[in-house]
Amino acid sequence: AGIINFCANNYLGLSSHPEVIRAAVEALEKFGAGLSSVRFICGTQSIHKDLEEKIARFHQREDAILYASCFDANAGIFEALLTPEDAVLSDELNHASIIDGIRLCKANKYRYKHMDMQDLEAKLKEAQKHRLRLVATDGAFSMDGDIAPLREICQLAQKYDALVFIDECHATGFLGPNGRGTDELLGVMDKVTIINSTLGKALGGAAGGYTTGPKPLIDLLRQRSRPYLFSNSLPPAVVGCASKALDLLMESNAIAQSMAAKTQRFRSKMTAAGFTISGKDHPICPVMLGDARLASVMAEDMLKRGIYVIGFSYPVVPKGKARIRVQISAVHSDEDIDRCVDAFTEVGRKHGALP
Ligand code: PLP
């Protein structure tokens, strides 16, 4: 029956969607393979401007700016926005690219305990002495599939006069009633100031990233953000894919709903089988195993049964918290999900992870 991939960030299955592929081919033929230039020299075509406008509309923000990746968007924002008089407060489990972006800036740095609002409040109090405060968090955390408490974060930000930045790489396109992301899911679209996200996961899976937010911020990034200024413009085929992916998602949220139903199916069947799945409702479903070797041998045995999953252990996750991270996609059928659960049950029993 072939091998089924359960470890890609292709949450909506759009990387193989025929309309997305056709849009890429059309963009390639009409606009060429690449621009051989950064955006501000001769690297801006109508499709780049159109995509930026579409991203801003999708997120209901004023403007957007494209990057070659979200890694670049995260590398470029903190240094451009924050001065030595400012402060950035970052969740300790934020993605490596946020950590690196913060390293590059000269603002005062505060790291709060993962999703710990008491600790964030204490750090915000300490940071009152600075000119400006920015709270930075992943919207959804990729190792655990847990979702940042954005309502509480935004309340604290309001109380202590701070801006909120979220990285929506594991949320854009599928979290919230219309797939707008964590801010929509938690009802704080008007309270989160800055969103960074990727075109390389749910939105076609090729490459590309962006920042969306207030127009003056986007104007500032166009003037000052180094990965934007000094790196090549996104290739037309990639722009074509992402643009079509956003069209599909703005027309209907049926694809996201289908993925959510499959996530529910997987989570409830695995829990009934006796496994512990971290997080709640998110298509990142970490099957918690504890032992690093167990995670690795189980993943190998899963592959022998046609299920492609990967074991994660220290230093990628804390010691003693090894897991197999399963990621559900809209392209999985119910039968695929059941095949995966059956394989886990068999392999889990074989290796003593289940009674
Ligand atoms: N932020 C988060 C939370 C991610 O998971 C990733 C990708 O792994 C990135 C940023 C980087 O995204 P990109 O692949 O577009 O550089």
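These numbers come from a predicted model, not from an experiment. (Residues numbered from 1 in each chain as written. Predicted model: local features only at pLDDT ≥ 70, side-chain atom pairs only at ≥ 80, totals over all residues. Heavy atoms only, no water.)

### What to know about the sheet that holds strand β7 (residues 194-198)
Then comes step 1: The seven strands are arranged β2-β8-β7-β6-β5-β3-β4 in an open sheet whose pairing can be described as mixed. At either end of the open sheet lies a strand with only one pairing partner, and these are β2 (63-67) and β4 (108-112). With strand direction ignored, the average angle separating the axes of adjacent strands in the sheet is 20°.
Then comes step 2: Relative to strand β8 (residues 209-213), β7 is paired through four bridges, and the arrangement is antiparallel. Paired with Ser197 across the two strands is Tyr210, which belongs to β8. (Pairing = 2+ DSSP bridges. Helix = DSSP H or I, 4+ residues; strand = E, 2+ residues; numbered from the N terminus. Axes fitted to C-alpha atoms, helices over the stretch in contact; angles between N-to-C directions.)

### A closer look at the nonpolar core
Then comes step 1: Among the nonpolar cores identified, the biggest contains 34 residues, and Leu12, Leu51, Ile55, Phe174 and Leu199 are the most heavily contacted of them.
Then comes step 2: Those elements that provide at least two residues to this core are α1 (18-31), α2 (46-59), β2, α10 (236-251) and α11 (254-273).
Then comes step 3: Tallying contributions element by element places α10 first for this core, with nine residues.
Then comes step 4: Here this core spans two domains, since at least three of its residues come from each of domain 1 (16-251) and domain 2 (253-351). (Core = buried A, V, L, I, M, F, W, Y, C linked by side-chain atoms within 4.5 Å. Buried < 20%, exposed > 50% of the residue type's maximum accessible area, 1.4 Å probe, protein only. Domains from an automatic or database assignment.)

### Regarding the site of the ligand
Then comes step 1: Surveying the vicinity of the ligand reveals 13 residues, the closest of which are Cys70, Asp167, His170, Thr198 and Lys201.
Then comes step 2: Between Cys70 and the ligand, the recorded distance is 2.8 Å, taken from a backbone N or O atom to an oxygen atom.
Then comes step 3: One nitrogen or oxygen atom from the side chain of Thr198 is found 2.7 Å from an oxygen atom belonging to the ligand.
Then comes step 4: For the ligand, whose unbound accessible area comes to 390 Å², protein coverage reaches 81%.
Then comes step 5: The dominant element in the shell around the ligand, judged by the number of residues it contributes, is helix α3 (residues 70-81), at three residues.
Then comes step 6: Within the shell around the ligand, the residues separate by chemical class into three nonpolar, seven polar and three charged. (Near = heavy atom within 4 Å. Polar contact = N/O pair within 3.5 Å; in protein donor to acceptor, adjacent residues only side chain to side chain. Areas by Shrake-Rupley, 256 points an atom, 1.4 Å probe, with all protein chains shown as cover. Nonpolar A, V, L, I, M, F, W, Y, C, P; charged D, E, K, R; others polar.)

### Remarks on helix α4 (residues 96-104)
Then comes step 1: Among the residues of α4, Ser97, Ile98, Gly101 and Ile102 are the ones counted as buried. On an axial view of α4, the arc spanned by its buried residues comes to 140°, and they lie on one face.
Then comes step 2: Considering only its buried residues, α4 is in contact with α3, β3 (87-91), β4, β5 (133-138) and β6 (163-167). (Arc of directions from axis to C-beta. Contact = heavy atoms within 4.5 Å.)

### Focus: the environment of Leu89
Then comes step 1: Assignment of secondary structure puts Leu89 in strand β3.
Then comes step 2: Here Leu89 falls in the buried class, since its relative accessible area comes to 0%.
Then comes step 3: Between the C-alpha atoms of Leu89 and Ala162, which are 73 residues apart in sequence, the distance is 9.6 Å.
Then comes step 4: Beyond its immediate sequence surroundings of up to four residues, Leu89 is in contact with Tyr110, Tyr112, Leu120, Lys123, Leu124, Ala127, Arg133, Leu134, Val135 and Ala136.

### Thoughts on the sheet that holds strand β11 (residues 310-312)
Then comes step 1: One open sheet accounts for three strands, arranged β9-β12-β11; its pairing is antiparallel. Strand pairing shows two members of the sheet lacking a second neighbour, β9 (284-290) and β11, which therefore form its edges. For this sheet, the mean angle separating the axes of adjacent strands, direction not counted, is 30°.
Then comes step 2: Pairing of β9 with strand β12 (residues 322-327) involves six bridges; the strand directions are antiparallel. Paired with Ile284 across the strands is Gln327, a residue of β12.

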